[in-house]
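This is what each chain is made of:
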Amino acid sequence: MSSRRAPLIVILGVLLPVFLVLGVWLGGHPEDLPGFARGSAFEQNHQTQVVDEALARISSDYYRPIAKSQLANSSIAGAVASLDDRFSHYLTPKEFHEFNSPPSFTGIGVVVSPEHRGLAIARVFDTSPAKHAGLQAGEVIVAVNGRKLAGLSADAATSLIKGPPGTEVALGVLRPANVAGSAHSPSSSSSSGSHPAPAAHGKTRTVRITRAVISEPVVASETRTVHGVKLGVVELASFSPESHGEVATAVEKELHEGVRGLVFDLRANGGGLVEEARLIASLFIAHGTIVSTRGRTQPSETIVATGHPLAPAIPMVVLVDHNTASSSEIVTAALQDHRRATVVGTHTFGKGVFQEEEPLSNGGALDITVGEYFTPNGRNLGGGGVKQGAGITPEVPLANNVVDTPQGLDAALETLAAKVK
């Protein structure tokens, strides 16, 4: 038996080095393999080599120096752009860092919309200089440092309000007759630390405010009284990490104030994390499906409520506009499908896909579409794939030129007050 094995061992001993050399050669030259042996892995390796070769040639032969990091960023961005998907992006290391940083700017801390007399205040940030100065949503800024804003573009008007932190700006503020508030002398002047009362209806007061660096809050809330009914307003800017905790705190605050209904303001909220959408929807929905998802590489998943609602029965209105998208639409549709809220506003954006943030070794990240989502009733709000669809149809429609003004919130509050009564 042993005498017959000897030649076989010798043959294997001779052939193994040959196979090793041949394997190394073919691994580096997959084009020399016969057609049936060329697998997708070899082709993929070859294509990667071609890209590396092209970048190396550009780096070494182009008539002026080009940083390799610039070439890498541009090539990745080009690959993502070739997907023809406006929801997928490549973030350079700088962009990815800025993306994960809280937004900030220098100003007084208000959100405004154009108005023929100047700038209508749509929202006042909590703890901002504007809040300390007593500015309120619904008021109109008609002058800045004595210059009237009528006839100026919104960009030109807001640029007059902005300035270096620590500097003072004097605003002429008008309180329209349809905005609630106590009377104040029209000739009065106030500073940002004095908490003044608002001016009389139809009168202009001067408010001096010290500019500061403003970090836009994710959540803001206020209590309003409409037709004798105390109502709460909770506004969410984005579904960022831990935003569900801030929403819960705001809701608890409004419940403690004794409100009988809630307006959940998702105007201009472009979305964010799907998990945050689940947790926020679960504050108002006791049980059942929030959203279901499916993708090519990810398993189909039905995402359900946590089972620990904070306010499962309080009457609600969700206020939306054309820029309410993604996770905002997930929450709005869940509240609508579960008959937990009345939707007020315009058709929402109509996005039926979701993205996943995938960090890269260079400090950048891919933010690419990885799947589609469906509402509890099985609706996909997009147009199929990455196309824009019809979005959510509100039960109480508002005109496009109204929804993003203070009158948009007023309409939501009127709807909620009627619902409560």
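Visitor: Is there a simple way to explain the overall build of the protein chain in this structure?
Guide: For the protein chain, the helix and strand inventory stands at eleven helices and 20 strands. Counting over 421 residues, the protein chain shows a buried share of 42%. Considering only intrachain contacts with a sequence separation of at least 6, the fraction spanning at least 24 residues in the protein chain is 68%. Element-wise, carbon and sulfur atoms account for 57% of the exposed surface of the protein chain, whose accessible area totals about 21600 Å².

Visitor: Got a minute to help me understand helix α7 (residues 243–256) in this structure?
Guide: Because an α-helix completes one turn every 3.6 residues, residues spaced three or four positions apart along the sequence face the same direction. Along its 14 residues, α7 runs 20 Å from first to last C-alpha, staying within 8% of the 20 Å computed at 1.5 Å per residue. Every buried residue of α7 is accounted for by Ser243, Val247, Ala248, Ala250, Val251 and Glu254. All buried residues of α7 lie within an arc of 165° about the axis, which places them on one face of the element. Looking at α7, the residues exposed on the side facing more than 90 degrees away from the buried face are Thr249 and His256. Of the surrounding elements, those touching the buried residues of α7 are β11 (219–226), β12 (229–236), β13 (262–265) and α8 (274–281). Following α7 by one or two positions, Gly258 has its phi on the positive side, about 85°.

Visitor: Help me out: how do you make sense of the sheet that holds strand β20 (residues 396–397) in this one?
Guide: Note: strands within a sheet are paired through backbone hydrogen bonds, in either parallel or antiparallel orientation. Taken in spatial order, the six strands line up as β11-β12-β13-β16-β17-β20 in an open sheet, and their pairing is mixed. Each end of this open sheet is capped by a strand with a single partner; those strands are β11 and β20. Running over the sheet, helix α9 (residues 327–337) touches β13, β16 (316–320) and β17 (342–345) and is turned about 145° from β16.

Visitor: Looking at this structure, I do not really get the packing of α8 against α9. What am I missing?
Guide: Between two packed helices, what matters for the description is the angle formed by their axes and the separation of those axes. For the pair α8 and α9, interaxial distance at closest approach is 9 Å and the crossing angle is 30°. As far as their axial angle goes, α9 and α8 are roughly parallel. Our pair here, α8 against α9, has a crossing hand that is right-handed. Taking contact as the criterion, the partners of Val274, Ala277 and Ala281 in α8 are, on α9, Ser327, Ile330 and Val331. Among the residues making up the contact of α8 with α9, the classes are represented as five nonpolar, one polar and no charged.

Visitor: What am I meant to see in the packing of α7 against α8 here?
Guide: One way to put it is that α7 packs onto α8 with a least axis distance of 9 Å and a crossing angle of 20°. One element, α7, and the other, α8, form an angle in the roughly parallel class. α8 is crossed by α7, and the crossing has right-handed handedness. Across the interface between the two elements, Ser243, His244 and Val247 of α7 pack against Glu276, Leu279 and Ile280 of α8.

Visitor: Sorry if this is basic, but what is going on with α9 here?
Guide: Of all eleven residues making up α9, eleven are buried, and the element is well covered by its neighbours. Taken as a whole, α9 has its buried residues at Ser327, Ser328, Glu329, Ile330, Val331, Thr332, Ala333, Ala334, Leu335, Gln336 and Asp337. Buried residues belonging to α9 abut β13, α8, β14 (289–294), β16, β17 and β19 (365–374). One or two positions beyond α9, positive phi appears at Arg339, with a value near 55°.

Visitor: Help me out: how do you make sense of unusual backbone geometry in this one?
Guide: Most peptide bonds take the trans form, and the phi angle of most residues other than glycine is negative. For Ala268, which is not glycine, the phi dihedral falls at a positive 60°. Take Ala268: it is sitting in the loop between β13 and α8. Residue Ala268 is classed as exposed on the basis of its relative accessible area, which comes to 52%. Despite not being glycine, Arg339 shows a phi value in the positive range, around 55°. One can find Arg339 in the loop between α9 and β17.

Visitor: Explanation requested: a nonpolar patch on the surface in the structure shown.
Guide: The grouping of Ile58, Tyr62 and Tyr63 at the surface amounts to a nonpolar patch, some 350 Å² of accessible area in total. Structurally, the position occupied by Tyr62 is in the loop between α2 (40–61) and α3 (68–81). Residue classification places Tyr62 among the partly exposed residues on the basis of a relative accessible area of 39%.

Visitor: Looking at this structure, I do not really get the nonpolar core. What am I missing?
Guide: Soluble globular proteins tend to pack their nonpolar side chains together in the buried interior. Of all hydrophobic cores here, the largest spans 44 residues; its most connected members are Leu236, Val247, Phe264 and Phe284. Those elements giving two or more residues to this core turn out to be β12, α7, β13, α8, β14, β16, α9 and β19. Considering every element that reaches this core, the biggest residue donor is α9, with five residues. Contacts of Leu236, omitting those with residues within four sequence positions, involve Val218, Val219, Ser243, Val247, Phe264, Asp265, Leu266, Asn269 and Ile280. Judged by nonpolar contacts, the second largest core, of 18 residues, contains Ile108, Ala133, Val144 and Leu149.

Visitor: Mind showing me how you'd approach the pattern of salt bridges here?
Guide: Pairs can form between side chains of opposite charge whenever their charged atoms are close. Counted under the stated rule, the structure contains nine salt bridges. Among the salt bridges present, the one from Arg57 reaches Glu53, with a minimum N-O distance of 3.4 Å. Taken together, the residues span about one helical turn, with Arg57 and Glu53 both in helix α2 at a distance of four residues. By relative accessible area, Glu53 is classed as partly exposed at 42%.

Visitor: Just to check I follow, could you spell out the packing of aromatic side chains for this structure?
Guide: We describe a pair of aromatic rings using the distance from one ring centre to the other and the angle between the two ring planes. By the definition in use, this model includes three aromatic pairs. Each ring, one from Phe87 and one from Phe349, has its centre 6.2 Å from the other, and the planes form 65°; the classification is edge-to-face. Of this pair, Phe87 sits in the loop between α3 and β1 (89–91) while Phe349 sits in the loop between β17 and β18 (353–359), and the two are 262 residues apart along the sequence. We note that Phe87, like Phe349, is buried.

Scoring rules and cut-offs
- Residues numbered from 1 in each chain as written.
- Predicted model: local features only at pLDDT ≥ 70, side-chain atom pairs only at ≥ 80, totals over all residues.
- Heavy atoms only, no water.
- Helix = DSSP H or I, 4+ residues; strand = E, 2+ residues; numbered from the N terminus.
- Buried < 20%, exposed > 50% of the residue type's maximum accessible area, 1.4 Å probe, protein only.
- Contact = heavy atoms within 4.5 Å.
- Areas by Shrake-Rupley, 256 points an atom, 1.4 Å probe, with all protein chains shown as cover.
- Expected span 1.5 Å × (residues − 1).
- Arc of directions from axis to C-beta.
- Pairing = 2+ DSSP bridges.
- Axes fitted to C-alpha atoms, helices over the stretch in contact; angles between N-to-C directions.
- Parallel < 35°, antiparallel > 145°, perpendicular 65-115°, else oblique.
- Left-handed = near helix turned anticlockwise from the far one by under 90°.
- Nonpolar A, V, L, I, M, F, W, Y, C, P; charged D, E, K, R; others polar.
- Patch = residues over 30% accessible without salt bridge, like charges linked within 9 Å, V, L, I, M, F, W, Y side chains within 5 Å.
- Salt bridge = Lys/Arg side-chain N within 4 Å of Asp/Glu carboxyl O.
- Core = buried A, V, L, I, M, F, W, Y, C linked by side-chain atoms within 4.5 Å.
- Phe/Tyr/Trp six-rings, centres within 6.5 Å; stacked < 30°, edge-to-face > 60°.

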